[in-house]
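# Structural overview for review
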Amino acid sequence: MKLLKYTFAFLACAAITSCSSDDDNNNSEDLTGQTGEVTLKFDNGVGDQDFIFGTNYNKSNDESFQLETLKYIISNVAFTDSEGNTFMYPTEDNVFIVDETDGNNAGEIYITLNNVDAADYVSVSFGVGIDQDRFALGADGQGDFLDEASDEGMMWSWASGYKFIRLDGTFSTNTLTDEPLNVHMGSVGTSLDNYREVTLAFPNTVLVRDDASPEVHIKADIAKVFDGSTTANFVDGYDQVHTDVNETPIIADNINTMFSVHHVHND
Amino acid sequence: MKRELLFLFVCLLVLSCSKDSETEVYVPVLIQVEWPENFPEMAYNLDNNPLTEAGFELGKDLFYEGKLSSNGAIACAFCHEQAYAFTHHGHNLSHGVNGGVGFRNAQPIQNMAYQTSFMWNGSASHLDLQPIIPITSEIEMGETLSNIIQKLSADSEYQEKFERAFEDGEVSTENMLKALSQFMVMMVSSNSKYDKYVRQEDNVILSTIELDGLNTFQQKCTSCHATDLFTDQTFRNNGLPVNPLLNDTGRYEILEDPNDLYKFKVPSLRNVAVSGPYMHDGRFATLEVVLDFYDAGAVDNGNVDPSLLRGDNTYGITLNDYEKESVIAFLKTLTDNEFLEDERFAEY
């Protein structure tokens, strides 16, 4: 019965598509209708070191930290081509959790994007966290992401909102040793918007074709969370960052500086 | 709209072709939510979640469903009983799974579609996402979203109900939350004696003492309990002495902004006579005690709402005995028995 329903839906769609004439002019004739797959490989590091759980990393102010949890939400991935056209990945599927524990042996976490329009792309942009438009949809269009985020501990249980980044571990200073470190930064409803977007230029053009599935290697320097555009010291309260109206925008701005495209593979 | 039409067309096709209609299909029967003429505009965006009969019924089933909790016993309705405007009668603080006791008094569920934020500290700003808080709270329902979906997916009745209620027919968190919202959006309380009086329906009139109470209320209470929702939806510190056992800082929790210390959302007063105990921690059992507090019990806890400052530099709302009596008589006219007994929202 259900199959039948889908069959009819498909037929109805096919009928409508075949009736409509799409004679739109497209300059890049070769690429019309072509799509490809793009893989974003997120690679967390601290400065020039690879990120490894439990390793102690120094930061400014003679402080150090080590982490047991490292996750963040990436959304609204879009590519811009050499002619200035933007391809936005479909909204409903355009939200991902980058979790260090999902990394391969090299500590790379893959986000695979299917059916990306074929083009010569020169930059990628994405947001960290959940933007106000997506949040305003409520449950609509969220599909399984609510479960995933909740299971991954990326939603608060005391408020309705997403943690955009989650760092759990310990920190030490000149006088303190292995004190709890928890950075759970996010937006709270409409009263606090910590969503930020970043645009990264590709070092060379990313060619998406039917038969070309490029990979984009993105480095994320976790040190920038605390030593980004603003220095955030644990002794000043940045050991516990949750929804504080003053602290969280600073962490959000810092995170926005941590990404860079290291290289791309066209194959 | 086009898509919906197409879909209806496809559904009709399917229906006309098929002989064995054992499996349920999505046939959206749209239902209207009330917008009483004395209410402000609706905050909930129905475009993202159109109300349907099957969606509403599913939402109701879920509201009364123990499977939404880890021990199978704590449904939403456990703390939200219809006869008490969907509050937890007799509990100043609610309890949940594993003997957990919460920190705040369960709030009524009524006129949710008109609210811009939820929970005493406004920690939820979208109705769809609000249920995630009690569901995943360890002291309330102690469950995970994915586990609930697993439990519901294994239940053939729920499979059918989801198929009837949603186009994609899936037992998913998205659809579960949408169904719960559909149920709650429909829960409009707008037929109290007061409503009929202001809308001039059925020749309803208020008694002298009720009118005196309304008059006092308008002079002394409506700067916060504004509009016919009886809340301006802001967060305010009303000068309650801080309970050191709970040390509940209210909205301060959200943004850790000192200006938010001890602020709680101004509650609606609809059905207030049946929804006690009162205040965020349920410390007051009667409306008399509430008004005595406003008259003479508020303390300067450092951040009290300036509107409560009196000429003698104390905080509160001066009320004589008759004013208290009449305000309570007026508040009782906000009881909406049609809502409290509405079978559409009842478990059985």
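If you're wondering where the values come from, they're calculated on a predicted model, not measured in any experiment. (Residues numbered from 1 in each chain as written. Chains lettered and ligands numbered in written order. Predicted model: local features only at pLDDT ≥ 70, side-chain atom pairs only at ≥ 80, totals over all residues.)

A few words on the overall build of chain A. For chain A, the count of helices and strands is five helices and 14 strands. Every one of the 267 residues in chain A was classed for burial, and the buried ones make up 39%. For chain A, the share of sequence-separated contacts (at least 6 apart) that also reach a separation of at least 24 residues comes to 78%. (Helix = DSSP H or I, 4+ residues; strand = E, 2+ residues; numbered from the N terminus. Buried ≥ 20, exposed ≤ 12 C-beta atoms within 10 Å, placed from the backbone. Contact = placed C-beta atoms within 7 Å.)

Residue and element names in this part refer to chain B. Once the domains are mapped, chain B shows domain 1 (30–188) and domain 2 (193–338). The distance between the C-alpha centroids of domain 1 and domain 2 comes to 26 Å. At the junction of the two partners, domain 1 supplies 26 residues and domain 2 supplies 28 residues. (Domains from an automatic or database assignment.)

Further remarks concern the environment of Asp239(A). Tracing the sequence through the fold places Asp239(A) in the loop between helix 4 (223–226) and strand 13 (240–241). Considering only alpha carbons, one finds Asp239(A) and Gln34(A), 205 residues apart in sequence, at a separation of 48 Å.

Turning our attention to helix 5 (residues 247–255) of chain A. Summarising burial for helix 5 of chain A: seven of the nine residues are buried, a large majority. Glu247(A), Thr248(A), Ile250(A), Ile251(A), Ala252(A), Asn254(A) and Ile255(A) are the residues of helix 5 of chain A that are buried.

Ile73(A) and Ile251(A) are the most contacted members of the largest nonpolar core, which totals 142 residues. Both of domain 1 (30–188) and domain 2 (193–338) of chain B provide at least three residues apiece to this core. Aside from chain neighbours lying at most four places away, what touches Ile251(A) is Val183(A), Met185(A), Val225(A), Ala232(A) and Val241(A). (Core = buried A, V, L, I, M, F, W, Y, C linked by C-beta atoms within 7 Å.)

Attention now moves to the pairing of strand 10 (residues 179–186) of chain A. Residue and element names in this part refer to chain A. Here strand 9 (residues 163–172) pairs with strand 10 via eight bridges, running antiparallel. Directly across from Thr-170, in strand 10, lies its bridge partner Pro-180. Hairpin remark: strand 9 followed by strand 10, antiparallel, with six residues in the connecting loop; positive phi at Asp-178, about 50 degrees. Two strands pair when backbone bridges link them, and strand 10 and strand 13 are joined in this way by two bridges, in the parallel orientation. What sits directly across from Asn-182, in strand 13, is Gln-240. (Pairing = 2+ DSSP bridges.)

Let's shift gears to the confidence of the model for chain B. All names here are of chain B. Model confidence for chain B is summarised by a mean pLDDT of 92, while 93% of its residues fall at 70 or above. Scored below 50 in pLDDT, residues 1–21 shows 16 contacts in the model against residues more than four places distant or in partner chains. With pTM at 0.84, the complex prediction returns an ipTM value of 0.74. (pLDDT = per-residue confidence, 0-100.)

All names here are of chain B. Taken N-terminus to C-terminus, the directions of helix 11 (residues 287–296) and helix 12 (residues 321–332) make an angle of 130 degrees; their axes are 10 Å apart at the nearest point. With respect to each other, helix 11 and helix 12 are oriented oblique. The two elements helix 11 and helix 12 cross, and the hand of that crossing is right-handed. Residue-level inspection shows Leu-287, Glu-288 and Leu-291 of helix 11 in contact with helix 12, the latter providing Lys-324, Val-327, Ile-328 and Leu-331. Tallied by class, residues from the contact of helix 11 with helix 12 come to five nonpolar, no polar and two charged. (Axes fitted to C-alpha atoms, helices over the stretch in contact; angles between N-to-C directions. Parallel < 35°, antiparallel > 145°, perpendicular 65-115°, else oblique. Left-handed = near helix turned anticlockwise from the far one by under 90°. Nonpolar A, V, L, I, M, F, W, Y, C, P; charged D, E, K, R; others polar.)

Below, the discussion takes up the pairing of strand 8 (residues 119–128) of chain A. As paired elements, strand 4 (residues 63–81) of chain A and strand 8 of chain A share six bridges and run antiparallel to each other. Looking at strand 8 of chain A, one finds that Asp81(A) is bridged to Tyr121(A).

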